[in-house]
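Residue-level structural notes
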Amino acid sequence: AFGIAAGSVGFAIASRAGTGPMPGEPSVEARSRARIGCERGLRLLEGGHPAEAALALRAACEADPTYSPAALALARAHGALGELDAADRVLAGLLAREPGHREGRLARGDVLGRLGDSAAEDGRPDDARAAWIRSRRILEGVAADHPDDAAAFRALARVAGRLGDR
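Conventions adopted
Residues numbered from 1 in each chain as written. Predicted model: local features only at pLDDT ≥ 70, side-chain atom pairs only at ≥ 80, totals over all residues. Heavy atoms only, no water. Salt bridge = Lys/Arg side-chain N within 4 Å of Asp/Glu carboxyl O. Helix = DSSP H or I, 4+ residues; strand = E, 2+ residues; numbered from the N terminus. Axes fitted to C-alpha atoms, helices over the stretch in contact; angles between N-to-C directions. Parallel < 35°, antiparallel > 145°, perpendicular 65-115°, else oblique. Left-handed = near helix turned anticlockwise from the far one by under 90°. Contact = heavy atoms within 4.5 Å. Buried < 20%, exposed > 50% of the residue type's maximum accessible area, 1.4 Å probe, protein only. Polar contact = N/O pair within 3.5 Å; in protein donor to acceptor, adjacent residues only side chain to side chain. Expected span 1.5 Å × (residues − 1). Arc of directions from axis to C-beta.

1. A look at the pattern of salt bridges
Summed over all chains, the structure comprises eight salt bridges. Two residues, Arg105 and Asp145, come together in a salt bridge whose shortest N-O distance is 2.9 Å. Here Arg105, found in helix 6 (residues 102-121), pairs with Asp145, found in helix 7 (residues 125-145); they are 40 residues apart in sequence, far enough to count as distant. Residues participating in the shared-partner salt-bridge network are Asp122, Arg124 and Asp127.

2. What about the packing of helix 7 against helix 8 (residues 150-163)?
Across the interface, helix 7 lies against helix 8 with an axial gap of 9 Å and an inter-helix angle of 155°. In terms of orientation, helix 7 and helix 8 fall into the roughly antiparallel class. Viewed along their axes, helix 7 and helix 8 form a crossing whose handedness is left-handed. Listed contacts from helix 8 to Arg129, Trp132, Ile133, Ser135, Arg136, Leu139, Glu140, Val142 and Ala143 of helix 7 are Ala152, Phe153, Ala155, Leu156, Val159, Arg162 and Leu163.

3. Remarks on the side chain of Arg108
Looking at where Arg108 falls in the secondary structure, it is placed in helix 6. The buried category is assigned to Arg108, whose relative accessible area is 14%. A distance of 2.5 Å separates the side chain of Arg108 from the side chain of Asp88, its partner in a polar contact. Look past the residues within four positions of Arg108 in its chain and what remains in contact with it is Asp88, Leu91, Ala92, Leu95, Arg134 and Ile138.

4. Quick look at helix 2 (residues 28-46)
In this model, helix 2 (19 residues) spans 27 Å end to end at C-alpha, consistent with the 27 Å of a helix rising 1.5 Å per residue. Restricting attention to buried positions, one finds in helix 2 the residues Ala30, Ala34, Gly37, Cys38, Gly41, Leu44 and Leu45. One face of helix 2 carries all of its buried residues, which in axial projection span an arc of 125°. Of the exposed residues in helix 2, those oriented more than 90 degrees away from the buried face are Val28, Glu29, Ile36, Arg43 and Glu46. Of the surrounding secondary structure, the elements contacted by the buried residues of helix 2 are helix 3 (50-63) and helix 4 (68-80). In the stretch just after helix 2, Gly48 is the one whose phi turns positive, near 85°.

Okay, structure coming up:
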């Protein structure tokens, strides 16, 4: 029976060869453009050029909307530019595709915390509290799913402090 199952799997793989990506999957060329654009964007971001990085990373995301590293880096670029709402939209899209994405959840928790800080500075305490509560919920989920993740617990402690939780 093992030989039949292995042969069946081999046949299925062989019959897919050369037929292109499955529906919803990016082409090899699109994934390659996304990887190259992401690498370029990260170099620009690390070099202190967040606006140029955002352009390269946006192009990478357009080439392959499923390439999570580009989405994370684009959110970082938006954050570096102070465009927190844009960063939140990018991360919300990533998490709509991959709800359990640990780094995406941590990043969104951070962005929401920063949005709360901004609202507090602008004298909008209700908006601040709402953003901090959303941040806390996301970070509690990460901490529950990854109990050994120190970054999740540090981020959760920061947002709890903003909310006055002890």
